[in-house]
Amino acid sequence: MNDQLLSVILTIITASTPLLLAAIGELVVERSGVLNLGVEGMMAVGAVSGFGAALMTGNPYVGVFAALAAGAVLSLLFGFLTLTMVSNQVATGLALTLLGLGAAGLMGESFVGQPGIHLERLHIPGLSEVPLIGPILFGQDFLVYLSLIIVAAVSYVLFRTKAGLIIRAVGDSQQSAHALGYSVVGVRYLCVMFGGACSGLAGGYLSLAYTPQWVENMTAGRGWIALALVVFSSWLPWRIVAGAYLFGTITVMGFSLQAYGIGIPSQLLSALPYIVTILVLVVISGNRALMRANTPACLGQPFVPDR
Amino acid sequence: MKKWMAMAAVLALGVPATAAQAADKLKACWVYVGPVGDFGYSYQHDVGRKAVDKALGDKVETVFLENVAEGPDAERAIERLAREGCKIIFTTSFGFMDPTIKVAAKYPDIKFEHATGYKKADNVGIYNARFYEGRYVMGQIAAKMSKTGTAGYIVSFPIPEVVMGINSFMLGAQSVNPDFKVKIVWVNSWYDPGKEADAAKVLLGQGADILVQHTDSTAPLQEAEKAGKLGFGQSSDMIKFAPKAQLTSNTDDWDPYYIARVQAVLDGTWKPDDTWGGMKDGMVVLSPFTNMPDDVKKMAEDTVAKIKSGEFHPFTGPITKQDGTTVGEAGKPLPDGELLGMNYYIKGIDDKLPQ
């Protein structure tokens, strides 16, 4: 029984981590007032770059860095189009998804059918062998820890530092931030790149840790779920952890129940994570004051500084 | 969202990839539902296309469209190929059936071939492979190799093709161990490596020590490898992903069929046939038997030989359904029509088939 519980918990962690990584990045982007719908595309490019770099160098950590860098570079393109050229953010984000998926397929052509390099799990002699708790707390790959560290850092920076105050000011009232002398566009560029790097990392997690391989469309819609989780979290970092893990838990529990042969229709179980997420969202949205307080007021609005 | 994204992807990526242009060559065309880089179903069809290129390259030019969504968009894609001078068009997914029939009616001089469907016309032939033959052998191997007597089965959608596979696998397993158990998880997707891996981990955690999949990625097999358990590949030979775990893989080999059909067009002998090929025709091929002792290997090879010679059919009547009723006549194979409409589990599967 312990073994079963352990395997379910470990599966939940791997299923939730890519969602968490992509969502926390997008949260920062949206906090600065930019809506980047291209998460899925950046994840795909991150996945293929990470896979390729790891394969060529034989080092999964090079792969992780390549994934991060690829996501950031692609987001820079989005930044240039929406922030400098002031194009429509929704349309550009959607285009970025299509571009990313297509480009990833093209880049990955020669990687198809090749086994990848696997990101190792942490192993601390003694600690990692403690029953149940050991493998959960001390037996993950480093991206799992990193994802939680990023959340803590984002939470701290956004709400406890001046930099965070500036980011939120830019997202909530771009004109005021501009009037105070902050570079709205500059701040947004940095946030967009941070978001891209996180999305790339999420993609790298897929191709290096989750399922070490490259196949086209392997992101399978996770970028869209990450976008939804940002709204779910009402733009509060720790709620993203709750959302991502809730989503992962229900998905994995669904498989678990099926394998036990409990006669619940599998279609319902597959839909359940979405249904529950929506229900929780409805409950959260009930608190209007909180929602209004945290929704970035300038989300998706273009900004052109007065000359 | 997914659907229109796929449609947009067609606009973005659907430019026909044309090989060397030559007006006097016969143009043979393919339409795939997935990317050629899926290393599974569409990949395998594309291997067949390349075989045509190689065998008949001096007389034939091949073109393909990938990532074509099933539904109305497919009709436009197929019609474009027809207008561009394709003389034979292979549409390789079930959902292309009606679009193929519609376009074929408009272009009576062009030959069409549709895979895995059932509608024919004067210029539309159909073809499919008897994947269940391989799955029977896999069932036998699983029952021999499993220590826990339980296999984990990861499946996509409850369509007859898939249900037939599960039943065939269990008939094979029961022929070795009548008490063999199977745990079934539907991931409701043909292709989502992450979900397939999750399902695999859950099944291994619940005591299955052999994984079978009717989804298209290598993820479940990789999980088996990681856990030191065993598994079977799907569509392509996946041994590189699981050198210590893959027992065999149920692969599709379309090469000889495609070459023969294109040759028939060249010769002017093409007719709208109904081909359901199996091991005998070389359309279903089990990749080399690995990671098993010699006696198990021999048993598998014997069964393959018997299926090939026609001496044995996995679905030989009477077959007992879950509810205890039987189908088929004693000693005779179930008719193809019965197989193609299979919507029930056989006895011994403790699960409910989703409807």
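Residues numbered from 1 in each chain as written. Chains lettered and ligands numbered in written order. Predicted model: local features only at pLDDT ≥ 70, side-chain atom pairs only at ≥ 80, totals over all residues. Heavy atoms only, no water.

A. Up close: empty space enclosed by the protein. Tallying each qualifying case throughout the model produces two cavities of 30 Å³ or more. If you add up the space inside the largest cavity, you get close to 80 Å³. Together, Phe247, Thr251, Gly254, Phe255, Gln258, Leu269, Ser270, Pro273 and Tyr274 of chain A together with Val187 and Lys195 of chain B line the largest cavity. Those elements that place two or more of their residues in the lining of the largest cavity are α11 (237–259) and α12 (266–285) of chain A. Along the lines of polarity and charge, the residues of the lining of the largest cavity split into six nonpolar, four polar and one charged. Roughly 40 Å³ of internal volume is contained in the second largest cavity. Together, Ala129, Arg130, Phe131, Tyr132, Glu161, Met164, Gly165, His214 and Trp276 of chain B line the second largest cavity. Broken down by element, the lining of the second largest cavity gets its largest block of residues, three residues, from helix α6 (residues 160–176) of chain B. Classifying every residue of the lining of the second largest cavity gives five nonpolar, two polar and two charged. (1 Å grid on protein atoms, 1.4 Å probe; cavity = no way out; pocket = protein on both sides within 12 Å on 5 of 7 lines; lining within 4 Å. Points joined across faces, edges and corners; volume = space filled by probe spheres on them. Helix = DSSP H or I, 4+ residues; strand = E, 2+ residues; numbered from the N terminus. Nonpolar A, V, L, I, M, F, W, Y, C, P; charged D, E, K, R; others polar.)

B. Structural context of the packing of α11 of chain A against α12 of chain A. All names here are of chain A. Their axes nearest at 9 Å, the elements α11 and α12 cross at an angle of 155°. By the angle between their axes, α11 is roughly antiparallel relative to α12. As for the relative orientation of α11 and α12, their crossing is right-handed in sense. Each of Arg239, Leu246, Phe247, Ile250, Thr251, Gly254, Leu257 and Gln258 in α11 lies in contact with α12, whose residues at this interface are Ser266, Leu269, Leu272, Pro273, Tyr274, Val276, Thr277, Val280 and Ile284. Here the contact of α11 with α12 is built from residues that sort into 11 nonpolar, five polar and one charged. (Axes fitted to C-alpha atoms, helices over the stretch in contact; angles between N-to-C directions. Parallel < 35°, antiparallel > 145°, perpendicular 65-115°, else oblique. Left-handed = near helix turned anticlockwise from the far one by under 90°. Contact = heavy atoms within 4.5 Å.)

C. Local environment of the environment of Thr97 of chain A. By the secondary structure assignment, Thr97 of chain A is in helix α4 (residues 89–107). Considered as a pair, Thr97 of chain A and Val45 of chain A are 52 residues apart in the sequence and their alpha carbons are 9.7 Å apart.

D. Representation of the pattern of salt bridges in the model. Residues and elements named next belong to chain B. Applying the stated criterion across every chain yields a total of 17 salt bridges over all chains. The salt bridge partner of Lys106 is Glu79, with a shortest N-O separation of 3.0 Å. Taken together, the residues Lys106 in helix α4 (residues 97–106) and Glu79 in helix α3 (residues 72–83) connect sequence positions 27 residues apart. Judged by its relative accessible area of 48%, Lys106 is partly exposed. Taking relative accessible area as the criterion, Glu79 reaches 14% and is therefore assigned buried. The salt bridge partner of Asp273 is Arg261, with a shortest N-O separation of 3.3 Å. Residue Asp273 is found in the loop between α9 (255–267) and β12 (274–277), and its partner Arg261 is found in helix α9; the two are separated by 12 residues along the sequence. When its relative accessible area of 33% is taken as the criterion, Asp273 is described as partly exposed. (Salt bridge = Lys/Arg side-chain N within 4 Å of Asp/Glu carboxyl O. Buried < 20%, exposed > 50% of the residue type's maximum accessible area, 1.4 Å probe, protein only.)

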